[in-house]
Number of protein chains: 2
Amino acid sequence: MKTLHVDLGERSYPIYIGRGLLSQDLIRNHIKNKQVLIVTNDTIAPLYLEKTQAMLTGFDHQTVILPDGEQFKNLETLNLIFDALLTHKMDRSVTLVALGGGVIGDMTGFAAASYQRGVNFIQIPTTLLSQVDSSVGGKTGVNHALGKNMIGAFHQPQCVLADTETLNTLEDKQLAAGIAEVIKYGLLGDKPFFEWLESNIEKLTARDADALAYAIERSCQDKAEIVAADEKEHGKRALLNLGHTFGHAIETASGYGQWLHGEAVAVGMLMAADLSFRSGFLSKSDVDKIVSLTERAKLPTAPPKEMTHEQFIDLMLRDKKALNGIIRLVLLQSIGQAIISDNYDRTALDQTLESFLSVKD
Amino acid sequence: MKTLHVDLGERSYPIYIGRGLLSQDLIRNHIKNKQVLIVTNDTIAPLYLEKTQAMLTGFDHQTVILPDGEQFKNLETLNLIFDALLTHKMDRSVTLVALGGGVIGDMTGFAAASYQRGVNFIQIPTTLLSQVDSSVGGKTGVNHALGKNMIGAFHQPQCVLADTETLNTLEDKQLAAGIAEVIKYGLLGDKPFFEWLESNIEKLTARDADALAYAIERSCQDKAEIVAADEKEHGKRALLNLGHTFGHAIETASGYGQWLHGEAVAVGMLMAADLSFRSGFLSKSDVDKIVSLTERAKLPTAPPKEMTHEQFIDLMLRDKKALNGIIRLVLLQSIGQAIISDNYDRTALDQTLESFLSVKD
């Protein structure tokens, strides 16, 4: 087992990464009182709920099972968590346990941030995407029909428990989506990691346990450093949004749940790389390397064919980084060096959109 | 005009109190960018929306008008604010302006806390209750069918603007409800203020402008001191909940919107005083003084006759102060001295409930 630390003063917490952690006692020390509410979904419950409950023997634990999918990440489903908390008379000392992927983690975290104006929670991410990204850093929230993650809070967990064995039950599509976020860390600030990925990407898609464990550790380490430096995203943390402005537009346009978040981010990173090249920031050979790695990871490389230029612009203007009607984007100066910029060439953005929208895959 | 300060480090803010402040420029300096969303309701809009919009000339301001009433203080109505923010493409630099009573202030504040994980807001309270209590201190949130204010956040405003002229359009019932919270400050920690109220209560019910202005200032000052000492309610701030555990039970049981919050708190304070007496904390003569002042303020003195003993206990167990199945209450040792206690006599609590429930007014 590997333990990493997210260093946030009195809000610091450990990330435990390893095989079979769901059979250990690790989370018990992070529960401050007796009451626990496990929040999971109908895909994960049959697989890991029993194990999780066994870890909590002796606590007063209850469970709420939500429907699975990004299309349920909204205020209405969130309210099912509040229903459960109140029906079971859970008080301010309750600890929520998020057992599932990014959707479960984000919703459970926001429920914890808001229930009685703030209670504790623990993340048990069961997908690669949530293990390397969404479970770490305290961003929580739900979607609105008009924009992704528009409603939420910063709320840090007590600990993150990433059991790599849970990845064995993941669909290939879900695995690839997680790899997209792994590639992101290499691209935005860790060139040696990008190069490691170039040498090892097939091991990841083949679920080689050691390769996966290394990719998770390295990703969490990269993220933990960025979050510790800029918890509330006043600066550097925005770089973690590489590919996300394009990606969120894809997710919102196609209806939540149609595209996996990681798939949309993969295409978004390619669009960001293309725009970076057209704006004169990034070399053509770097763009080619990024495209090649994305293809080898079995990720999509073009947005849905129904999307239009206008739709992209309209949705990107709703991005949380947009200010005064200007779309701010995370762009690449080279592999391993990202910047946030509103200083790109607007014509180049139009060309990027045209170019990707003309690919009818 | 009087300016008070809530001292919370980098989250500090001023409270402006005075006549005709809605015709001045005060709030303009507290708006950080161009975008503003005014949130109000269908009772207040015809009275003060135009004046508020006039104050905001030159800003890119939009308005959303919600239905009036505590029964609409829920996630569904909250979503109307998010709808407006996203439809108008408001970004992270937006300032929300809450124009109305406590319900509008609480919902707007929570929308501001959650929109894009946190944007600025300004309070323009237009009821006595919101001017003396809910607009100050940063508690925001909505109700759940199973409990009041169960979903929310701590989120401080940029400033509070209390124009005492808005009280002229207030219904008598609403005025009395506000006076209940004013009495609360005297009871919980300011005996000289309680004595001032004993001498001046009829001036308040008759809307004497100077008496109202003094009561608002003094209440805000008392509250600002408590909030500065304990922003997140780890200790002393809980004393502001005097009468609220009983009161919330009344509000939840009778259906939100049937009883005004201040009315329920008035009865709750009498029940807390009664229990304090039965537990040997408070003298009979102090109880009599409190009952007398409440009656002179034209406030109710008994809970709804439909309520049962079991219902009270059940709802009070859901109170945010309850822990491990024990109801914690704010009780009085004397007028001007409140304590938080789970050390009262349980038989005495039963007697208090029996005694108040047998009064069929």
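Model, not experiment: these values are computed from the prediction. (Residues numbered from 1 in each chain as written. Chains lettered and ligands numbered in written order. Predicted model: local features only at pLDDT ≥ 70, side-chain atom pairs only at ≥ 80, totals over all residues.)

Trainee: Please clarify how the overall build of chain A should be interpreted in this entry.
Mentor: The number of helices and strands found in chain A is 12 helices and 11 strands. Its C-alpha atoms give chain A a radius of gyration of 20 Å, within 12% of the compact-globule value 21 Å for 361 residues. The principal-axis extents of the C-alpha atoms in chain A amount to approximately 60 × 40 × 40 Å. Counting all 361 residues of chain A, 55% fall into the buried class. (Helix = DSSP H or I, 4+ residues; strand = E, 2+ residues; numbered from the N terminus. Rg over C-alpha atoms; globule rule 2.2 N^0.38 Å. Buried ≥ 20, exposed ≤ 12 C-beta atoms within 10 Å, placed from the backbone.)

Trainee: It is not clear to me how the relation of the copies chain A and chain B should be interpreted in this structure. Could you clarify?
Mentor: Superposition of the two copies of the chain requires a rotation about an axis and a shift along the axis. It takes a turn of 180 degrees to lay chain A on chain B, together with a shift of 0.0 Å along the axis; the resulting RMSD is 0.0 Å. Here the symmetry operator amounts to a two-fold rotation axis. For chain A, the minimum C-alpha distance to the rotation axis belongs to L75(A) and amounts to 3.6 Å. The fraction of interface residues of chain A whose copies in chain B are also interface residues reaches 100%, indicating that both copies meet through the same surface. (Least-squares fit on C-alpha atoms with pLDDT ≥ 70 in both. Contact = placed C-beta atoms within 7 Å.)

Trainee: What exactly am I supposed to notice about the environment of E171(A) here?
Mentor: Residues and elements named next belong to chain A. You can see E171 is positioned in the loop between strand 9 (160-163) and helix 5 (172-189). Taking the number of C-beta atoms within 10 Å as the measure of exposure, E171 has 11 and is therefore exposed. Residues E171 and T127 lie 44 residues apart in sequence; the distance between their C-alpha atoms is 9.5 Å.

Trainee: Please explain the interface of chain A and chain B as it appears in this structure.
Mentor: A common measure of how large an interface is: the accessible area buried when the components associate. Facing the 30 residues of chain A at the interface are 30 residues of chain B. Looking at the side of chain A that touches chain B, the elements with two or more residues in it are helix 2 (75-87), helix 3 (102-114), strand 7 (139-144) and strand 8 (147-154) of chain A. No other element matches strand 8 of chain A, which puts 6 residues into the side of chain A that touches chain B. Here the residues of the side of chain A that touches chain B are counted per class, giving 13 nonpolar, 10 polar and 7 charged. (Nonpolar A, V, L, I, M, F, W, Y, C, P; charged D, E, K, R; others polar.)

Trainee: Whenever I open this one, the environment of G100(B) confuses me. Can you help?
Mentor: Residues and elements named next belong to chain B. In this structure, G100 sits in strand 5 (residues 95-100). G100 sits in the buried class, given 29 other C-beta atoms within 10 Å. Along the primary structure G100 and T205 are separated by 105 residues, whereas in three dimensions their C-alpha atoms are 21 Å apart. Leave out the neighbours within four places in its chain, and G100 touches T40, N41, I44, G105 and T126.

Trainee: Quick question: what am I supposed to make of the nonpolar core here?
Mentor: The nonpolar side chains of a soluble globular protein tend to be buried with one another. Grouped together as the largest cluster of nonpolar side chains are 234 residues, with contacts concentrated most on V39(A), A272(A), V39(B) and A272(B). Ignoring any residue separated from it by four or fewer positions in sequence, one finds V39(B) in contact with V64(B), L66(B), I81(B), L96(B), V97(B), A98(B), L99(B), I104(B) and T108(B). (Core = buried A, V, L, I, M, F, W, Y, C linked by C-beta atoms within 7 Å.)

Trainee: In this structure, what is going on with helix 10 (residues 284-296) of chain B? I would like to understand it.
Mentor: One turn of an α-helix holds 3.6 residues; hence residues three or four places apart share an orientation. Residue and element names in this part refer to chain B. In this model, helix 10 (13 residues) spans 18 Å end to end at C-alpha, consistent with the 18 Å of a helix rising 1.5 Å per residue. Among the residues making up helix 10, those that are buried are D286, I290, L293 and T294. Relative to the axis of helix 10, the buried residues are bounded by an arc of 100 degrees and lie together on one face. Among the exposed residues of helix 10, those pointing more than 90 degrees away from its buried face are K284, S285, D288 and S292. Trailing helix 10 by a residue or two, K298 shows a phi angle of about 60 degrees, which is positive. (Expected span 1.5 Å × (residues − 1). Arc of directions from axis to C-beta.)

Trainee: Help me out: how do you make sense of the environment of I339(B) in this one?
Mentor: Residue and element names in this part refer to chain B. Structurally, I339 is set in strand 11 (residues 337-341). For I339, a count of 15 C-beta atoms within 10 Å translates into the label partly exposed. Distance from I339 to L329, taken between C-alpha atoms, is 8.3 Å for residues 10 residues apart in sequence. Beyond its immediate chain neighbours, meaning those up to four positions away, I339 contacts L331 and Q333.

Trainee: What should I look at first to understand the domain arrangement of chain A in this one?
Mentor: Residues and elements named next belong to chain A. According to the domain assignment, chain A contains domain 1 (2-169) and domain 2 (172-357). The distance between the C-alpha centroids of domain 1 and domain 2 comes to 25 Å. Contact residues are listed per partner, giving 31 residues for domain 1 and 31 residues for domain 2. When residues of the side of domain 1 that touches domain 2 are traced back to their parent elements, those giving at least two are strand 1 (2-6), strand 2 (13-18), helix 4 (128-134) and strand 8. For the side of domain 1 that touches domain 2, the leading source of residues is helix 4, giving 5 residues. Class assignment of the residues belonging to the side of domain 1 that touches domain 2 gives a composition of 13 nonpolar, 11 polar and 7 charged. (Domains from an automatic or database assignment.)

Trainee: So what exactly am I meant to see when it comes to unusual backbone geometry here?
Mentor: For residues that are not glycine, phi is negative in most cases, and the peptide bond is trans in most cases. Residues and elements named next belong to chain B. Look at Q116: it is not a glycine, yet its phi comes out positive at around 50 degrees. One can find Q116 in the loop between helix 3 (102-114) and strand 6 (120-125). The exposure class assigned to Q116 is buried, which follows from the 24 C-beta atoms found within 10 Å. In this structure, N324 takes a positive phi of about 55 degrees despite not being glycine. Structurally, the position occupied by N324 is in the loop between helix 11 (309-316) and strand 10 (329-334).

Trainee: What is the right way to look at the pairing of strand 6 (residues 120-125) of chain A in this model?
Mentor: In regular strands, side chains alternate between the two faces of the sheet. Residues and elements named next belong to chain A. Counting buried residues in strand 6 gives 6 out of 6 residues, a clear majority hidden from the surface. Of the two faces of strand 6, the one lined by N120, I122 and I124 and the one lined by F121, Q123 and P125 are each fully buried. Relative to strand 6, strand 5 (residues 95-100) runs parallel, the two sharing 6 bridges. Across the sheet, the residue bridging to V97 is I122, located in strand 6. Assessed by its sense of winding, the connection that carries the chain from strand 5 through helix 3 to strand 6 is right-handed. (Pairing = 2+ DSSP bridges. Right-handed = clockwise from strand over helix to strand, strands pointing away.)

Trainee: Would you take a moment to explain the confidence of the model for chain A for this structure?
Mentor: In low-pLDDT regions, the fine details of the predicted coordinates are not to be read closely. Averaged over chain A, the pLDDT score is 95; the fraction of residues at 70 or greater is 99%. Predicted complex metrics record ipTM = 0.92 and pTM = 0.93. (pLDDT = per-residue confidence, 0-100.)

Trainee: Just to check I follow, could you spell out the packing of helix 2 of chain A against helix 3 of chain A for this structure?
Mentor: Residue and element names in this part refer to chain A. Between helix 2 and helix 3, the shortest axis-to-axis distance is 10 Å and the interhelical angle comes to 55 degrees. Classified by the angle between their axes, helix 2 and helix 3 sit oblique to one another. The two elements helix 2 and helix 3 meet at a crossing, and its hand is right-handed. Judged by residue contacts, T77, L78, I81 and F82 of helix 2 engage M107, T108, F110 and A111 from helix 3. Here the residues of the contact of helix 2 with helix 3 sort into 6 nonpolar, 2 polar and no charged. (Axes fitted to C-alpha atoms, helices over the stretch in contact; angles between N-to-C directions. Parallel < 35°, antiparallel > 145°, perpendicular 65-115°, else oblique. Left-handed = near helix turned anticlockwise from the far one by under 90°.)

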